[in-house]
Amino acid sequence: MDRRTTPLGIISATPGVVWPALPDAPGAALLAILFQLEQSQWWPAERLELAQRRQLSALLAHARDRVPFYRDRLPRGWPDSADAKAWEAAWRSLPVLRREEIQAADDSEAMLADALPPGHGEYREVFTSGSTGRPIRGVRSQLWELVWSAFTIRDHLWHRRDLTGTLAVIRESGAGKAAYPQGDMQRGWGFSSAGVFETGRLASLNVATPVEQQLEWLVRQDPDYVLSHPSILARLATASRDAGLRLPRLRQAMTIAETLRPDARQAIEAAWNVTVADVYSTREAGYLALQCPDHPHYHVQSEGLRVEVVGEDGQACVPGETGRVLVTPLHNLAMPLIRYDIGDAAEVGPPCPCGRGLPVLTRILGRRQNMLRLPGGERRWPLLSSGDLAGLMEAVPPMRQYRIAQKALDHLHVALAVARPPTAEEEAAVIAWARRKFGAGFRVTIEAMAELPRSAAGKFEDFVCEVPEGG
Ligand SMILES: [Zn+2]
């Protein structure tokens, strides 16, 4: 489809006016942000950075005046945002915010602003479950939710989606919600788009549904778009190819919530003959990066947040380097997070040939929790190549899924979803494989089951380190 003919209907809220549509005040504010995002994506990097510094200066002033946690943490005087060198030096001297600090401060509500400026609306509360540890509370303003909606729509615009189509979503993780065989059905794609844009049908299914039933449900929905975690879509794509089933209307697969590995992307694209568009977002911070419309890498959403990727020494990474992700949402004045270490790692890329000035991330490596810990204290990414996986597949009976957990510095536990229990020889082959891949010093235990469990949030990680910090 030609991008100029992509339908994007706007709903009029003004009696007597059908076209051009006049939305209500929140709808008009959403369109005002989107109008600017359409321009700013093409700005050169320097112009984006200057505009971002101006917004960050406003955020910092508010945080120091209104949020007890930041009263003594942020300096009083701050360089002019036009003086890039002085401003950035002051920024880099700000301490990194850690998850434990938020939890401690939140016990006394010290992270919350005592008041919001006019126009920011009310406080809204969310909890991030996370795969391990204690949940953290996030509080946002209604204005932040509006900005969040704008980036949701930007993702649709970038990928030229027809919003009047059917969107099938497998992400609901609440027990008993959106249960098979019916799932859940609603008109409109959700609150970010439904009020302003004409949208089609939204069909929803629980992530805990077994794959055969997911597939039967999906074929029945006959969707234009499907959205789920990469691990779920990869298994569905393989199952649908094996069963010779087709999704004739499907135009694109959208992935969220977990790291999209190249092998998962290939499996989905090959089985359904559609492209995959990935999103990098977190519940605490919103959209960090969206996949470029023309390339498989990601653009940082600089109009909504500042993303820093820093090495172990705290210095900014250059293209080709991987580091920790620090994030500062620009518009959440209810509970400002300034240089928050969200626990993920990412690889920085060079400027994108598409012409957008938004910074590039080549790979999202997910949680540091997914790094292998070595006895000396070092960490490394246990990246499993397709050759590694082929080795594992040879070692065991027909395997649907695997999950490796590091239980102690010298102990790896391999959980396998297999059709039948492995023999003693097969177990020995898995142990040998794990020692070749991760190190000869590891004790390896094996557990076989029919289906692997997911985290409370419905996520699936193929490698998780469960060794406590300092343990
Ligand atoms: Zn690009």
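Keep in mind that this is a model prediction, so the values were computed, not measured.

Caption draft 1: Region of interest: the overall build of the protein. Helix and strand counts for the protein come out as 11 helices and 20 strands. Its C-alpha radius of gyration of 23 Å places the protein within 12% of the 23 Å reference for a compact globule of 471 residues. Each of the three principal axes of the protein carries a C-alpha extent, and together these read 65 × 55 × 45 Å. Across the 471 residues in the protein, those meeting the buried criterion constitute 33%.

Caption draft 2: Geometry of unusual backbone geometry. The residue after Trp19, namely Pro20, is reached through a cis peptide bond having omega -10°. You can see Pro20 is positioned in the segment before α1 (25–40). With an omega of 5°, the peptide bond running from Tyr180 to Pro181 counts as cis. With respect to the element layout, Pro181 can be found in the loop between β3 (167–172) and β4 (184–187). Positive phi is not limited to glycine here, since Ala178 has a value of about 45°. Positive phi values are uncommon outside glycine, yet Asp222 reaches one of about 50°. With respect to the helices, strands and loops of the structure, Asp222 is situated in the loop between α7 (211–221) and β6 (225–228).

Caption draft 3: Region of interest: the nonpolar core. Counting 84 residues, the largest nonpolar core has Ile268, Leu288 and Val327 as the members making the most contacts within it. Once residues within four sequence positions are removed from consideration, Val327 is found in contact with Ala285, Leu288, Leu305, Val307, Leu337, Tyr340 and Ile342. One finds Ala395, Leu412, Val414 and Val430 within the second-largest nonpolar core, a separate group that totals 9 residues.

Caption draft 4: Structural view of the domain arrangement of the protein. Taken as a whole, the protein is organised into domain 1 (1–161 + 251–367) and domain 2 (372–465). For domain 1 versus domain 2, the separation of C-alpha centres amounts to 34 Å.

Caption draft 5: Region of interest: helix α2 (residues 45–66). When the terminal C-alpha atoms of α2 are compared, their 31 Å separation across 22 residues agrees well with the 32 Å that a helix rising 1.5 Å per residue should span. All of the buried residues in α2 are Leu48, Arg53, Leu60 and Ala63. Buried residues in α2, looked at end-on, bunch into an arc of 135°, giving them a common side. Its buried side turned inward, α2 meets α1 and α3 (84–92).

Caption draft 6: Spotlight on the environment of Asp72. When you line up the elements, Asp72 lands in the loop between α2 and α3. On the basis of neighbour counts, which here come to 8 C-beta atoms within 10 Å, the residue Asp72 falls in the exposed class. For the pair formed by Asp72 and Glu378, sequence separation is 306 residues and the distance between their alpha carbons is 34 Å.

Caption draft 7: Broad picture of the packing of α7 against helix α8 (residues 230–242). Orientation of α7 relative to α8, taken along the N-to-C sense of each, is 75°, at an axis distance of 10 Å. Here α8 runs roughly perpendicular to α7, going by the angle between their axes. Touching Val211, Glu212, Gln214, Leu215 and Leu218 of α7 are Arg235, Leu236, Ala239 and Ser240, all from α8. The class makeup of the residues in the contact of α7 with α8 is 5 nonpolar, 2 polar and 2 charged.

Caption draft 8: Focus on the pairing of strand β5 (residues 201–206). Looking at chain direction, β3 and β5 are connected through 5 bridges and run parallel. Within β5, the position partnered with Val169 by the bridge is Ser204. Pairing between β4 and β5: 4 bridges, direction antiparallel. Bridging from a neighbouring strand, Arg187 pairs with Arg201 of β5.

Caption draft 9: Structural view of the environment of Arg436. Considering the arrangement of structural elements, one finds Arg436 in helix α11 (residues 424–438). Under the C-beta neighbour-count criterion, Arg436 is labelled exposed, with 11 such atoms within 10 Å. C-alpha of Arg436 to C-alpha of Asp388: the two residues are 48 residues apart in sequence and 9.6 Å apart in space.

Reading the values: rules and limits
Residues numbered from 1 in each chain as written. Predicted model: local features only at pLDDT ≥ 70, side-chain atom pairs only at ≥ 80, totals over all residues. Helix = DSSP H or I, 4+ residues; strand = E, 2+ residues; numbered from the N terminus. Rg over C-alpha atoms; globule rule 2.2 N^0.38 Å. Buried ≥ 20, exposed ≤ 12 C-beta atoms within 10 Å, placed from the backbone. Core = buried A, V, L, I, M, F, W, Y, C linked by C-beta atoms within 7 Å. Contact = placed C-beta atoms within 7 Å. Domains from an automatic or database assignment. Expected span 1.5 Å × (residues − 1). Arc of directions from axis to C-beta. Axes fitted to C-alpha atoms, helices over the stretch in contact; angles between N-to-C directions. Parallel < 35°, antiparallel > 145°, perpendicular 65-115°, else oblique. Nonpolar A, V, L, I, M, F, W, Y, C, P; charged D, E, K, R; others polar. Pairing = 2+ DSSP bridges.

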